[in-house]
Amino acid sequence: MSGSTDRVATMWMRVTGSAGIGDALQHVRRAAGVTQAELAARLDVTRTTVIDMERGRPTAVARLVDSFSTLGYDIVLVPRGARVEVHELPDDHRGAPAS
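Let me sum up the structure you'll find in this document. Being a predicted model, the structure only gives us computed values, none of them experimental. Within every chain, residues take consecutive numbers counted from 1 along the sequence as written. The predicted origin of the model limits local features to residues at a pLDDT of at least 70 and limits the giving and counting of side-chain atom pairs to 80 or more, whereas totals for whole chains, interfaces and linings rest on all residues. Hydrogens and water molecules were not included; the side-chain quantities draw on all heavy atoms of the structure.

1. Notes on the overall build of the protein chain
Item 1. Strands are runs of DSSP state E lasting at least 2 residues, helices are runs of H or I lasting at least 4, and numbering of each runs from the N terminus. The helix and strand inventory of the protein chain stands at 4 helices and 2 strands.
Item 2. Seen in sequence order, the protein chain has helices and strands lined up from the N terminus as β-α-α-α-α-β.
Item 3. Burial here depends on accessible area, computed with a 1.4 Å probe over protein chains only, as a share of the maximum for the residue type. Under 20% is buried, over 50% is exposed, and the range in between is partly exposed. Buried residues in the protein chain amount to 23% of all 99 residues.
Item 4. Summed over all atoms, the accessible surface of the protein chain reaches about 7400 Å², with 55% contributed by carbon and sulfur. Note on areas: Shrake-Rupley, 1.4 Å probe, and residue coverage restricted to the protein chains presented here.

Okay, structure coming up:
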């Protein structure tokens, strides 16, 4: 499937850990109508690698996401072309860093 015909997910997602990034990848892949095998071919990896990423299994990216989570940060995934505004919450409404 070419990039010009891919369907695009229109919602944003907050990722708080490696399982979250895997869930987000699977959601976006499915919304785009792309199979695991097709994504693997586009990335020049095996389908098993895509499966591992979607299941949140240990990868360098998963460790990176978990590092941000441990330090009290979330990663927000936004469709290209979307506008994002971030508003800081008062201290008493912020989540505590994951431990």
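2. Some points on helix α2 (residues 36–43)
Item 1. Taken as a whole, α2 has its buried residues at Q36, L39 and A40. For α2, the angular spread of the buried residues around the axis is 100°, confining them to a single face.
Item 2. Each element contacted by the buried residues of α2 is listed here: α1 (18–31) and α3 (47–54).
Item 3. Of the residues trailing α2, D44 is marked for its positive phi of about 60°. By construction, the arc corresponds to the directions joining the helix axis to the C-beta atoms. We call two residues in contact whenever any of their non-hydrogen atoms come within 4.5 Å of each other.

3. Considering the pattern of salt bridges
Item 1. Salt bridges are identified by distance alone: a Lys or Arg side-chain nitrogen within 4 Å of an Asp or Glu carboxyl oxygen. Evaluation of the coordinates by the stated rule reveals 4 salt bridges.
Item 2. The partner of R57 in a salt bridge is D52, with the nearest N and O atoms 2.7 Å apart.
Item 3. Close ionic contact of R83 with E85 constitutes a salt bridge, the shortest N to O distance being 3.7 Å.
Item 4. For R83, a relative accessible area of 72% gives the class exposed.

4. What to know about the environment of A19
Item 1. Position of A19 among the secondary structure elements: in helix α1.
Item 2. Of the residues examined, A19 reaches a relative accessible area of 45% and is grouped as partly exposed.
Item 3. Remark: the alpha-carbon pair of A19 and P58, spanning 39 residues in sequence, is separated by 9.7 Å.

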